[in-house]
Amino acid sequence: MTDRSRLTGAVASGPRWGWLAAVPGVVFLLAFALYPLVALVLNATGLGRTGLRENAGLTADHLVRALTSEAVHRAVINSLLVCVSAVVIAIVLSVPLVLHLADRSRAGRNTSTLDSAFTLPVALPGTIIGFFAVVLLGNTGLLATWIPGLAGTAYVLPGLIVAYIYFSLPRIIGPLRGAAENLDPAAPETARSLGGGRARVFVTITLPLLLPAIIESAGTALAVALGGYGTIAVLARGDRLLPLEVVDGLSSAGFNIAAASANALILAVLAATFLLAGQSIARATERMVSR
């Protein structure tokens, strides 16, 4: 058999047996993604596990109470306010940073130290990031000693936004870093050589090319931030976020697992909506930019 025929046979047999390599990943996803989601739905509708004071049996009461609860509404609004504000600010901070790092990389300069420093928060638990906020903006925090008016800011919405900015930065910088590296520097350089100012070139050329990556990374960062529990668990004093409502349902007297599952289902739907919307809008934007 010639080399060409052996290669053709290998390519032809690839699709036939290649699915075997995907089986472990599919099984893992089914076990750790699909099954828990089904369990949430069953619990929230009374068909799964229920708490000591919750009646078993098919019912929409748990979902209705979650959707009409003033506490849940307040927590959803606070979550959206904190997460959206933090991600938007993180994007504004990240875009010039990744473009600068990409320019340094193209010039042959080592950026590994900077890359590691800016992506470090992704390795830190949310509780540690919450502790950082306390150290800086707590009642006796560093900034509070310099500016007394900032004392205790860590425990209210502005302080939560600051903490979530730090939480979100590496989740924005990572994807944007690769997108910035792949940008063709010839287009903005040509525009500047024809008399275009830096701001105009950025708005008309660089930003549109980077926009799909910005949108997709924003959707991912929002989905992750919405479910982040550790940071809000450290900083929560009065303002509630949705993850707290989920955990409180499990830890309160009576172990209200059905009510907690209903809250968790709302959180999962919101996070999935941001994730899928980010991916869909990013693909549509990319098609528009490439025309």
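Residues numbered from 1 in each chain as written. Predicted model: local features only at pLDDT ≥ 70, side-chain atom pairs only at ≥ 80, totals over all residues. Heavy atoms only, no water.

Visitor: Even after reading the chapter, I still don't get the overall build of the protein, so can you show me in this structure?
Guide: Secondary structure assignment for the protein yields 13 helices and zero strands. Counting from the amino terminus, helix and strand elements in the protein follow one another as α-α-α-α-α-α-α-α-α-α-α-α-α. Relative to the compact-globule value of 19 Å for 291 residues, the protein shows a C-alpha radius of gyration of 24 Å, a clear excess of over 25%. Expressed as a percentage of its 291 residues, the buried residues of the protein come to 36%. (Helix = DSSP H or I, 4+ residues; strand = E, 2+ residues; numbered from the N terminus. Rg over C-alpha atoms; globule rule 2.2 N^0.38 Å. Buried < 20%, exposed > 50% of the residue type's maximum accessible area, 1.4 Å probe, protein only.)

Visitor: Can you walk me through the confidence of the model for the protein in this structure?
Guide: As a general rule, the predicted coordinates of low-pLDDT regions are not to be interpreted in detail. Per-chain confidence: the protein averages 83 in pLDDT, with 92% of residues scoring 70 or above. Per-element averaging of pLDDT across the protein places helix H1 (residues 3-17) at the bottom with 52 and helix H4 (residues 70-106) at the top with 91. (pLDDT = per-residue confidence, 0-100.)

Visitor: I keep staring at the packing of aromatic side chains and nothing clicks. Help me out?
Guide: Given two aromatic rings, their pairing is described by the distance between the two centres and the angle made by the two planes. All told, the structure shown has three aromatic pairs when counted by the stated rule. Taking the centre distance of 4.7 Å and the plane angle of 25 degrees together, the rings of Phe28 and Phe32 count as stacked. On the criterion of helical spacing, the pair formed by Phe28 and Phe32 is a turn pair, its members being four residues apart in helix H2 (residues 19-44). Phe32 matches Phe28 in its accessibility class, with the two residues each being exposed. (Phe/Tyr/Trp six-rings, centres within 6.5 Å; stacked < 30°, edge-to-face > 60°.)

Visitor: Even after reading the chapter, I still don't get helix H8 (residues 157-182), so can you show me in this structure?
Guide: For an α-helix, the turn length of 3.6 residues means that residues three or four places apart are oriented alike. With 26 residues, H8 extends 37 Å between its outermost C-alpha atoms, agreeing within 8% with the 38 Å of an ideal straight helix rising 1.5 Å per residue. The largest bend in H8 amounts to roughly 35 degrees and is located at Ser168, with the proline Pro170 lying one to four residues further along. (Expected span 1.5 Å × (residues − 1). Bend = angle between axes of the 7 residues up to and from the residue.)

Visitor: I would appreciate a short explanation of helix H10 (residues 198-227) in the present structure.
Guide: Taking 1.5 Å as the rise per residue, H10 with 30 residues should run 44 Å; its terminal C-alpha atoms sit only 38 Å apart, a clear shortfall. At Leu207, H10 shows its largest bend, some 50 degrees, and a proline, Pro208, comes one to four positions later.

Visitor: Got a minute to help me understand the layout of surface pockets in this structure?
Guide: Where empty space is left in the structure can be found by rolling a water-sized probe over the atoms. Considered as a void within the structure, the largest pocket measures approximately 320 Å³ in volume. The wall of the largest pocket is formed by 15 residues, among which Leu99, Asp103, Pro188, Arg192 and Thr206 lie closest to the centre. Put simply, the parts of the chain that give the lining of the largest pocket at least two residues each are H4, helix H9 (186-193) and H10. At five residues, the largest contribution of residues to the lining of the largest pocket is made by H10. Of the residues assigned to the lining of the largest pocket, the class counts are eight nonpolar, one polar and six charged. Lining the second largest pocket are Ala33, Pro36, Leu37, Leu40, Ala264, Ala268, Ala271 and Ala272. A per-class count over the lining of the second largest pocket returns eight nonpolar, no polar and no charged. (1 Å grid on protein atoms, 1.4 Å probe; cavity = no way out; pocket = protein on both sides within 12 Å on 5 of 7 lines; lining within 4 Å. Points joined across faces, edges and corners; volume = space filled by probe spheres on them. Nonpolar A, V, L, I, M, F, W, Y, C, P; charged D, E, K, R; others polar.)

Visitor: Hey, could you run me through the packing of H9 against H10 in this one?
Guide: Geometry of a packed helix pair, given as the angle between the helix axes and the separation of the axes. Between H9 and H10, the least distance of the axes is 10 Å, while the angle of their chain directions is 140 degrees. Comparing the axis directions of H9 and H10 gives the class oblique. In the packing of H9 onto H10, the handedness of the crossing is right-handed. In this structure, H9 uses Ala187, Pro188, Ala191 and Arg192 to contact H10, whose residues at the interface are Arg198, Val201, Ile205 and Thr206. Classifying every residue of the contact of H9 with H10 gives five nonpolar, one polar and two charged. (Axes fitted to C-alpha atoms, helices over the stretch in contact; angles between N-to-C directions. Parallel < 35°, antiparallel > 145°, perpendicular 65-115°, else oblique. Left-handed = near helix turned anticlockwise from the far one by under 90°. Contact = heavy atoms within 4.5 Å.)

Visitor: Honestly, the pattern of salt bridges in this entry has me stumped. Any pointers?
Guide: Close approach of charged atoms allows side chains of opposite charge to pair. Enumeration over the complete set of coordinates arrives at five salt bridges. When the shortest N-O distance is used, the salt bridge between Glu70 and Arg74 registers 3.4 Å. Taken together, the residues span about one helical turn, with Glu70 and Arg74 both in helix H4 at a distance of four residues. Glu70 gets classed as exposed once you look at its relative accessible area, which sits at 60%. Since its relative accessible area comes to 45%, Arg74 is described here as partly exposed. Across the pair Arg106 and Asp103 runs a salt bridge, and its minimum N-O distance is 3.0 Å. (Salt bridge = Lys/Arg side-chain N within 4 Å of Asp/Glu carboxyl O.)

Visitor: How do you make sense of a nonpolar patch on the surface when you look at a structure like this?
Guide: A cluster of nonpolar side chains, Val26, Leu30, Leu34, Val38, Leu42, Leu47 and Leu58, forms an exposed patch at the surface whose accessible area comes to about 640 Å². When you line up the elements, Val38 lands in helix H2. (Patch = residues over 30% accessible without salt bridge, like charges linked within 9 Å, V, L, I, M, F, W, Y side chains within 5 Å. Areas by Shrake-Rupley, 256 points an atom, 1.4 Å probe, with all protein chains shown as cover.)

Visitor: Can you walk me through the environment of Ala133 in this structure?
Guide: Mapped onto the fold, Ala133 is located in helix H6 (residues 126-137). For Ala133, a relative accessible area of 7% corresponds to the buried category. Taking the C-alpha atoms as reference points, Ala133 and Ala56, separated by 77 residues in sequence, lie 42 Å from one another. Contacts of Ala133, omitting those with residues within four sequence positions, involve Gly138, Ala154, Ala163 and Leu235.

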